[in-house]
Amino acid sequence: MFVVAFLHFPVPGNAQQGPFAGLSGAWSGGGYLTLASGQRERLRCRANYRVDENGMRLQQSLRCASDSYRFDVNSNIASESGALSGSWSETIRNVSGSVSGRVNGSQIQARIAGVGFSANLVVNTRGGRQSVAIQSPGHEVTEVSVTLTKTA
């Protein structure tokens with residue numbers, strides 16, 4: 001379940017606006033997820049971002065699927081003085097939680113939490129490309145690694 005929030009924190013290299021500036025639009029790509037059983041599956045994702053005019057608030061919808069795992073996430077994230085906070089909800093499993101973290105240049109390090117689970121997230125964004133890594137030992141999905149490209 002921790003995967004539900006993994007794309008909530010893309011950061012462009014534009015330091016003059018908020019950390020979400022330039023992200024509005026559609027993104028897609030893929031990578032893999034690793035299940036607790038050790039099975040590794042290819043993962044495909046599509047995301048849509050809506051960003052406020054100063055780049056400080058992000059609304060996101062995300063859909064991802066592998067051979068045996070699917071999720072549909074909506075999130076709202078805000079940035080204030082480099083600190084991130086927000087919430088997410090996953091509609092298939094009807095779960096939700098919080099997000100907290102920090103922006104450091106073009107990298108976000110965050111903690112995703114929900115009832116009965118937590119995960120660590122690292123997101124790097126360079127122009128129209130994002131790399132996302134999530135670690136959540138002890139849960140159904142233990143690792144995610146995805147690269148997304150801005151498509152529109």
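For the structure itself, consult the block above.
Calculation criteria
Residues numbered from 1 in each chain as written. Predicted model: local features only at pLDDT ≥ 70, side-chain atom pairs only at ≥ 80, totals over all residues. Heavy atoms only, no water. Helix = DSSP H or I, 4+ residues; strand = E, 2+ residues; numbered from the N terminus. Buried < 20%, exposed > 50% of the residue type's maximum accessible area, 1.4 Å probe, protein only. Areas by Shrake-Rupley, 256 points an atom, 1.4 Å probe, with all protein chains shown as cover. Disulfide = S-S within 2.5 Å. Phe/Tyr/Trp six-rings, centres within 6.5 Å; stacked < 30°, edge-to-face > 60°. Lys NZ or Arg CZ within 6 Å of the ring centre and 35° of its normal. Pairing = 2+ DSSP bridges. Axes fitted to C-alpha atoms, helices over the stretch in contact; angles between N-to-C directions. Salt bridge = Lys/Arg side-chain N within 4 Å of Asp/Glu carboxyl O.

**Here we look at the overall build of the chain**
1) Next: Helix and strand counts for the chain come out as zero helices and ten strands.
2) Next: Traced from its N-terminal end to its C-terminal end, the chain shows the element sequence β-β-β-β-β-β-β-β-β-β.
3) Next: Buried positions account for 45% of the 152 residues belonging to the chain.
4) Next: Carbon and sulfur atoms form 44% of the exposed surface of the chain, whose accessible area is close to 7300 Å².

**Here's the deal with the state of the cysteines**
1) Next: One pass over the structure, following the stated rule, counts one disulfide.
2) Next: At a sulfur-sulfur separation of 2.1 Å, the disulfide partner of C45 is C64. When the S-S torsion is 120°, as for the bridge of C45 with C64, the disulfide is right-handed. Separated by 19 residues along the polypeptide, C45 in strand β2 (residues 40-51) and C64 in strand β3 (residues 57-65) bring together distant segments of the chain. Each member of the pair, C45 together with C64, is buried.

**Digging into the packing of aromatic side chains**
1) Next: Counted by the stated rule, this structure contains two aromatic pairs.
2) Next: Between the NZ or CZ atom of R40 and the centre of the ring of Y32, over which it lies, the distance is 3.3 Å.

**Description of the sheet that holds strand β10 (residues 141-150)**
1) Next: Taken in spatial order, the ten strands line up as β1-β2-β3-β4-β5-β6-β7-β8-β9-β10 and close into a barrel, and their pairing is antiparallel. The sheet shows a mean angle of 20° between the axes of neighbouring strands, taken without regard to direction.
2) Next: Alignment of strand β1 (residues 25-35) against β2, held across ten bridges, turns out to be antiparallel. Residue G25 lies in a different strand from β2, and its bridge partner there is Y49.

**Quick word on the pattern of salt bridges**
1) Next: Under the counting rule described, the total for this entry stands at two salt bridges.
2) Next: Among the ionic pairs, D72 bridges to R63, the shortest N-O distance being 3.3 Å.
3) Next: For R93, the salt bridge is made with E90, and the minimal N-O distance between the two is 3.4 Å.

**Brief notes about the pairing of strand β6 (residues 95-104)**
1) Next: Alignment of strand β5 (residues 83-90) against β6, held across eight bridges, turns out to be antiparallel. The partner of S85 across the bridge, within β6, is S100.
2) Next: Hairpin connection from β5 to β6: four residues lie between these consecutive antiparallel strands, with N94 at a positive phi of about 55°.
3) Next: As paired elements, β6 and strand β7 (residues 107-114) share eight bridges and run antiparallel to each other. Bridging across to β7, S98 finds its partner in A113.

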